[in-house]
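Given next are the chains, with one letter for each unit.
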Amino acid sequence: MHKLKDLVLKLDNRGYKAYKQLKGVYDFPGYTLLIDYVQGDPYASPSKLRIRVPQAKAGFGFNLFKNKSRKIALEDYITRSFARAIKKESKGRKGSGKSGLIKIDCGKQEILQRASCKVGKSFVEIRFYCGLPARGRRILAKNCLIMLTEEIPKIAESSLFLKNLDKNKVEQFVKTAEDQDHLRKLLKEKKLITFIKNGSNLPRRTGISDKPLPEDKAVLFKSPPELEIELELPNTGKIKGMGIPEGITLIIGGGFHGKTTLLSAIQRGVYNHIPKDGREYVATVKGAVKIRAEEGRNIQKDDISPFISNLPFGKNTEKFSTADASGSTSQAANIIEALESRADLLLLDEDTSATNFLIRDEIMQKIVSKDKEPITPFIDQVKNIYDKFRTSTILVMGGAGDYFEVADNVILMDSYLPYVVTSDAKDIISKRKDIREKESPKTFKDITERIPIASSINPYKGRKKKIKSRGMDNIIFGFEKIDLSSVEQIVDPSQVNSISNILSYALYKKYFNGKNTVYEVLGKVFDDIEKNGIEVISPFKNQHPGSYALPRIFETAAALNRLRSLKVKQKK
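Everything in this summary refers to the structure shown in the same document. (Residues numbered from 1 in each chain as written. Predicted model: local features only at pLDDT ≥ 70, side-chain atom pairs only at ≥ 80, totals over all residues. Heavy atoms only, no water.)

Right, let's talk about the overall build of the chain for a bit. Across its full length, the chain carries 14 helices and 31 strands. Taken over C-alpha atoms, the radius of gyration comes to 26 Å for the chain, in line with the 25 Å a tight globule of 572 residues would show. With the C-alpha coordinates of the chain rotated into their principal frame, the extents come out at 90 × 55 × 35 Å. Here the chain holds 572 residues, and 58% of them are scored as buried. (Helix = DSSP H or I, 4+ residues; strand = E, 2+ residues; numbered from the N terminus. Rg over C-alpha atoms; globule rule 2.2 N^0.38 Å. Buried < 20%, exposed > 50% of the residue type's maximum accessible area, 1.4 Å probe, protein only.)

Further remarks concern the pattern of salt bridges. The tally for this structure, following the rule as stated, stands at 39 salt bridges. A salt bridge links aspartate 277 to arginine 204; its shortest N-O distance comes to 3.1 Å. Separated by 73 residues along the polypeptide, aspartate 277 in the loop between strand E16 (272-273) and strand E17 (282-284) and arginine 204 in strand E11 (residues 204-206) bring together distant segments of the chain. Under the relative-accessibility criterion, aspartate 277 is labelled buried at 0%. By relative accessible area, which is 16% here, arginine 204 ends up buried. Aspartate 210 is paired through a salt bridge with arginine 268; the nearest N and O atoms lie 3.1 Å apart. Within this pair, whereas aspartate 210 is found in strand E12 (residues 209-212), its partner arginine 268 is found in helix H6 (residues 259-268), the two being separated by 58 residues in sequence. Overall, the relative accessible area of 17% leaves arginine 268 in the buried class. (Salt bridge = Lys/Arg side-chain N within 4 Å of Asp/Glu carboxyl O.)

Turning next to the packing of aromatic side chains. The full count for this structure, using the stated rule, is 11 aromatic pairs. When the centroid spacing of 5.5 Å and the interplanar angle of 80 degrees are considered together, the rings of phenylalanine 62 and phenylalanine 65 count as edge-to-face. Classification of phenylalanine 62 by relative accessible area gives partly exposed; the value is 46%. Residue class for phenylalanine 65 comes out buried when judged on its relative accessible area of 7%. An aromatic cluster of three or more residues is present, and its members are Phe307, Phe357, Phe378, Phe389 and Phe444. The side chain of lysine 48 reaches across the aromatic face of phenylalanine 540, ending 3.8 Å from its centre. Cation over ring: arginine 52 sits above phenylalanine 123, and NZ or CZ is 4.2 Å from the ring centre. (Phe/Tyr/Trp six-rings, centres within 6.5 Å; stacked < 30°, edge-to-face > 60°. Lys NZ or Arg CZ within 6 Å of the ring centre and 35° of its normal.)

One way to put it is that helix H12 (residues 493-508) packs onto helix H13 (residues 518-532) with a least axis distance of 10 Å and a crossing angle of 100 degrees. With respect to each other, H12 and H13 are oriented roughly perpendicular. Contact residues: H12 offers Ile502, Tyr505 and Ala506, while H13 offers Val521, Leu522, Val525, Phe526, Asp528 and Ile529. Of the residues contributing to the contact of H12 with H13, the split by class is eight nonpolar, no polar and one charged. (Axes fitted to C-alpha atoms, helices over the stretch in contact; angles between N-to-C directions. Parallel < 35°, antiparallel > 145°, perpendicular 65-115°, else oblique. Contact = heavy atoms within 4.5 Å. Nonpolar A, V, L, I, M, F, W, Y, C, P; charged D, E, K, R; others polar.)

Spatially, four strands are ordered E13-E14-E10-E17 in an open sheet, and the strand pairing comes out antiparallel. Among the strands making up the open sheet, the edge pair consists of strand E13 (228-233) and E17. Taking the axes of each pair of neighbouring strands and ignoring which way they run, one obtains an average angle of 35 degrees across the sheet. Alignment of strand E10 (residues 192-197) against E17, held across three bridges, turns out to be antiparallel. Looking at the pairing, threonine 194 lines up with threonine 284 of E17. (Pairing = 2+ DSSP bridges.)

Judged by nonpolar contacts, the single largest core of 80 residues is most densely connected at Leu250, Phe307, Ile335, Leu346, Phe378, Tyr403 and Ile537. What tyrosine 403 contacts, discounting residues up to four positions off in sequence, is Leu250, Leu358, Ile359, Phe378, Ile379, Leu395 and Met397. Among the nonpolar cores identified, the runner-up in size contains 59 residues, and Leu4, Leu22, Ala58 and Ile111 belong to it. (Core = buried A, V, L, I, M, F, W, Y, C linked by side-chain atoms within 4.5 Å.)

The next point concerns unusual backbone geometry. What you tend to see is this: most non-glycine residues have negative phi, and most peptide bonds are trans. The backbone phi angle of arginine 390 is positive, close to 60 degrees, even though this residue is not glycine. Inspection of the secondary structure assignment puts arginine 390 in the loop between helix H10 (382-389) and strand E22 (392-396). Taking the relative accessible area as the measure of exposure, arginine 390 reaches 47% and is therefore partly exposed. Within the chain, lysine 510 stands out as a residue other than glycine whose phi angle is a positive 60 degrees. Inspection of the secondary structure assignment puts lysine 510 in the loop between H12 and H13.

Counting buried positions along E10 yields five of six residues, so the element is predominantly enclosed. By the bridge criterion, five bridges tie E10 to strand E14 (residues 237-245) in an arrangement that is antiparallel. Residue isoleucine 196 lies in a different strand from E14, and its bridge partner there is methionine 242.

This part is about the state of the cysteines. With the rule as written, the count across this model stands at zero disulfides. No disulfide involves cysteine 130; its nearest neighbouring cysteine sulfur is the one of cysteine 144, lying 8.6 Å away. Accessibility expressed as a relative area gives 0% for cysteine 130, which makes it buried. (Disulfide = S-S within 2.5 Å.)

Before going further, it helps to examine the pairing of E22. Taking burial as the measure, the five residues of E22 include five buried ones, the bulk of the element. Across the two faces of E22 the burial is the same, with Ser392, Ile394 and Val396 and Thr393 and Leu395 all buried. In this structure, strand E15 (residues 248-252) lies alongside E22, joined through four bridges in parallel fashion. By the bridge assignment for E22, isoleucine 251 is matched with valine 396. Bridge count between strand E21 (residues 345-349) and E22: five bridges; the pairing is parallel.

The N-to-C vectors of H12 and helix H14 (residues 553-561) enclose an angle of 70 degrees; their axes lie 10 Å apart at closest approach. When the axes of H12 and H14 are compared, the pair comes out roughly perpendicular. Crossing of H12 against H14: the hand is right-handed. For the pair H12 and H14, contact is made by Ile499, Ile502 and Leu503 and by Glu555, Thr556, Ala559 and Leu560, respectively. Considered class by class, the residues forming the contact of H12 with H14 number five nonpolar, one polar and one charged. (Left-handed = near helix turned anticlockwise from the far one by under 90°.)

A few words on a positive patch on the surface. Among the surface-exposed residues, Lys461, Lys464, Lys466, Lys468, Arg470 and Lys481 lie close enough to one another that they form a single positively charged patch. If you trace the backbone, arginine 470 turns up in strand E28 (residues 467-470). (Patch = residues over 30% accessible without salt bridge, like charges linked within 9 Å, V, L, I, M, F, W, Y side chains within 5 Å. Areas by Shrake-Rupley, 256 points an atom, 1.4 Å probe, with all protein chains shown as cover. Lys, Arg positive; Asp, Glu negative; His and termini not counted. Charge placed at Lys NZ, Arg CZ, Asp CG, Glu CD.)

Compared with the 20 Å implied by 1.5 Å per residue over 14 residues, the 20 Å span of helix H7 (residues 327-340) between its first and last C-alpha is a close match. With 14 of its 14 residues buried, H7 lies for the most part within the structure. A positive phi of about 75 degrees marks arginine 342, the residue just after H7. (Expected span 1.5 Å × (residues − 1).)

Written out as structure tokens, the structure reads:
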């Protein structure tokens with residue numbers, strides 16, 4: 001620490017690039033500070049630092065990270081504690097550019113595997129960013145000293161040592177995450193696709209906030225008796241709630257009665273949530289994928305013929321490609337690509353679907369004969385998909401009662417509470433005189449896997465590699481912009497950063513070799529992440545890796561499929 005102080009004081013009022021001399025390792029009382037990267041300008045990306053605390057001093061017992069669920073949760077909790085300490089101890093930006101900034105990549109309502117913290121038997125390591133202080137482009141040594149030798153030590157002391165944290169809250173956090181992972185395992189055993197605990201608080205505060213609505217303003221969830229089940233978790237014990245079985249489930253109801261709120265909670269149920277989020281005991285099978293129409297997206301040689309065929313001018317739908325998909329062709333491609341990535345649950349909402357893709361009623365069938373209509377609607381394939389792949393569907397529907405015929409379960413949302421009306425729905429449809437004709441074959445054809453061509457996946461812009469994520473919606477990849485605004489199950493900007501680097505990493509490892517399919521390429525990357533951690537995809541080795549949060553294979557595949565330069569060949 002004294003070495004660092006002396007070095008900083010010698011840099012006072014020098015040009016900003018002199019800060020580069022600070023790169024190195026410094027021993028502080030109780031921990032080691034590692035300065036891995038120093039920014040060359042106060043307006044540039046901030047400097048990268050790490051703090052490593054010996055586990056003997058940090059005091060986090062092995063029981064808190066004895067399995068994968070607990071380890072990810074503990075690392076997430078420590079990251080959040082460090083972020084809270086920054087708000088308390090840091091005086092904020094002072095000077096030009098990012099001067100005085102201290103920040104860490106931290107989550108919101110979801111608990112994700114991140115690169116921001118690493119916990120093991122030997123040490124605890126936190127990775128964060130600092131904007132080294134300057135006036136103009138001249139070093140402010142005294143301000144830098146305050147940051148490095150006063151603010152950061154206080155932040156570290158209050159967040160990286162168990163003795164200074166609320167041990168009960170730490171234990172509750174890791175146990176809640178462990179219970180959620182166990183709950184998803186139970187779903188498979190019980191042949192369920194989702195579970196919502198009684199008392200869950202599903203509504204969010206606003207349309208732009210993911211925080212829960214205050215309980216005194218929310219209608220808490222209560223399972224209908226017909227679907228209520230009891231499950232036992234390792235920490236919480238026995239809980240009751242609604243378990244939706246595999247198959248086809250329809251969620252119906254009037255406008256503003258909670259249909260989309262329920263579906264939104266289900267689609268986020270693929271992730272663990274923090275205690276008191278309200279959805280911490282909403283669990284959905286890991287392979288759930290939200291499907292929607294996405295006009296204008298790029299499609300490369302998807303076999304969408306189960307849904308669309310006999311297009312005008314003989315356009316081939318078994319190798320369908322377009323740079324500007326319609327609502328129906330995009331939704332068909334989204335389903336085919338989800339199945340290609342091994343989805344076991346499709347989630348659809350009438351409001352974000354192409355109407356002509358969902359349904360063609362009996363009146364329209366009489367006016368426009370099947371030989372004049374290229375679209376086989378989803379209603380005629382949904383059961384075939386389940387029979388072929390055991391891939392279930394949950395569909396929010398408010399305007400097409402024809403789906404009563406194919407649904408195994410019909411749930412009516414009334415004032416944010418669910419009621420089972422399956423028998424009533426089946427009775428109504430059985431008495432209907434004018435019934436539409438089914439327009440699909442008896443089985444769904446096999447998915448045609450696709451092999452990406454490596455030369456079409458180019459992260460370079462000229463001679464310089466250009467990979468940059470922008471929020472949760474966009475990736476700049478070489479000359480291309482990947483639009484992820486319709487990929488709804490991305491929940492964190494650092495997932496998008498990870499996705500962009502996964503594509504680059506797969507190129508570096510030569511997983512795009514002209515033989516591996518999309519699923520095989522990404523499967524190899526996720527195997528590497530499982531073995532070596534999320535930082536394996538970072539180009540920065542043995543140092544601060546950057547801001548990464550683990551995405552799912554489905555959203556990663558979605559990004560690859562939306563790369564407009566992508567070329568593929570179909571696997572024979």
